[in-house]
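A closer look at the structure
The residues making up each chain are set out below.
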Amino acid sequence: MANADDGIVGQYYKDAKGKIGQMGMTPVVATTVGDRKDWDNCIVTSATKSSFLDGSGNKSGNQMLVNLNCYAKYGTYLWPGYSLASPEGRAMWEADLAAKKKKEADAAAAAAAAQQQEQDELAAVDAQQAGE
């Protein structure tokens, strides 16, 4: 049975498909919840090795049945998703918040570097003009 240690549960389906393929299995979507995203961008909520027979009575073999959450990662006033009170929702929200803060810090650092470069260029021009 697949679990979070396999690196499948909690991953986007597009990433989980590769991991399941590396395990020598074929991913099969068993169920979906929500319709806000295409399957590749849905989160795998659980995965189980198939244990049933196909239409010909043959064992289904190496198929991994996955269940997908196709809502937003965490719920907002516009989008349904994991509650921020749940461990999954809280972890996703904190990761997004950290990424947003890093992006803002990187933008601020880039702006400060550009401003410093401009000041250095102006100082060099002033020094050149003073030396004339």
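We now turn to the structure provided with this report. (Residues numbered from 1 in each chain as written. Predicted model: local features only at pLDDT ≥ 70, side-chain atom pairs only at ≥ 80, totals over all residues. Heavy atoms only, no water.)

1. Comments concerning the overall build of the chain
The secondary structure content of the chain amounts to 2 helices and 5 strands. Helices and strands in the chain line up, N terminus first, as α-β-β-β-β-β-α. Over its C-alpha atoms the chain spans a radius of gyration of 25 Å, topping by over 25% the 14 Å that the globule rule assigns to 132 residues. Projecting the C-alpha coordinates of the chain onto the three principal axes gives extents of approximately 95 × 35 × 25 Å. A total of 132 residues make up the chain; the buried ones form 20% of that total. Look at the contacts in the chain between residues 6 or more apart in sequence, and 55% of them connect residues 24 or more apart. On the chain, roughly 8,900 Å² of surface is accessible, and the fraction owed to carbon and sulfur atoms is 53%. For the chain, the distance from the average position of its 13 positive side-chain charges to the average position of its 17 negative side-chain charges is 12 Å. (Helix = DSSP H or I, 4+ residues; strand = E, 2+ residues; numbered from the N terminus. Rg over C-alpha atoms; globule rule 2.2 N^0.38 Å. Buried < 20%, exposed > 50% of the residue type's maximum accessible area, 1.4 Å probe, protein only. Contact = heavy atoms within 4.5 Å. Areas by Shrake-Rupley, 256 points an atom, 1.4 Å probe, with all protein chains shown as cover. Lys, Arg positive; Asp, Glu negative; His and termini not counted. Charge placed at Lys NZ, Arg CZ, Asp CG, Glu CD.)

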